[in-house]
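Structure at a glance
So the chains spell out like this:
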Amino acid sequence: MTDHTQQVREMERRIQAAKAQQAQLLVSCSEQTKKFDKEIKEKCDVLETMAKRCETIKLSHENDLQQKKAEHLLLAKQVEAEGTSYLPYVSFVQKKKKKKQSQFCAKFKEELKDMESLRVLLYSPTGEGKSTLGNRILGDESPDGNKGPFE
């Protein structure tokens, strides 16, 4: 056999070895791809479950909030109908609102001296305390904040 024939056979052997190695790499890549796809799917499933749980919790909190608002409105109507003092029924949140109103009013002490230069816009949904805040800004210190010009 000539050197040239040996070289050709050696090259063919190397080509076959490279093809076998390439096939092994393809199988390995395919297996790893399947493994990663499975892991990604599992993680996506976990995230989807967590998102659904968060949505459920959010809806639960929204329902609780709506129920609390309804209870508050009912209680306010009962108090108004009975003509009793509102203070015994003030919730923790309302107490915080009252404290914030007091702090806000304190800032206006000097500006209130010149009433013509002061303009305040109070904007919020019905029943949120605009009139009470307006009365307090104008100096109403009554327990309910309803002894000023705002109705």
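Residues numbered from 1 in each chain as written. Predicted model: local features only at pLDDT ≥ 70, side-chain atom pairs only at ≥ 80, totals over all residues. Heavy atoms only, no water.

Evaluated as defined, the whole model comprises 5 salt bridges. Measuring nitrogen to oxygen at the nearest pair gives 2.5 Å for the salt bridge that ties E10 to R13. One end of the pair, E10, and the other, R13, are both in helix α1 (residues 3-82), 3 residues apart, so they sit about a helical turn from each other. Residue E10 is classed as partly exposed on the basis of its relative accessible area of 28%. For E10, the salt bridge is made with R14, and the minimal N-O distance between the two is 3.3 Å. In this pair, E10 and R14 both sit in helix α1, 4 residues apart, roughly one turn of the helix. One salt-bridge network, in which partners are shared between bridges, spans E10, R13 and R14. (Salt bridge = Lys/Arg side-chain N within 4 Å of Asp/Glu carboxyl O. Helix = DSSP H or I, 4+ residues; strand = E, 2+ residues; numbered from the N terminus. Buried < 20%, exposed > 50% of the residue type's maximum accessible area, 1.4 Å probe, protein only.)

Detail in the predicted coordinates should be disregarded across regions flagged by low pLDDT. Mean pLDDT for the protein: 79, with 74% of residues reaching 70 or above. Within the protein, the element-level pLDDT minimum falls on helix α2 (residues 92-107), averaging 66, and the maximum on α1, averaging 87. (pLDDT = per-residue confidence, 0-100.)

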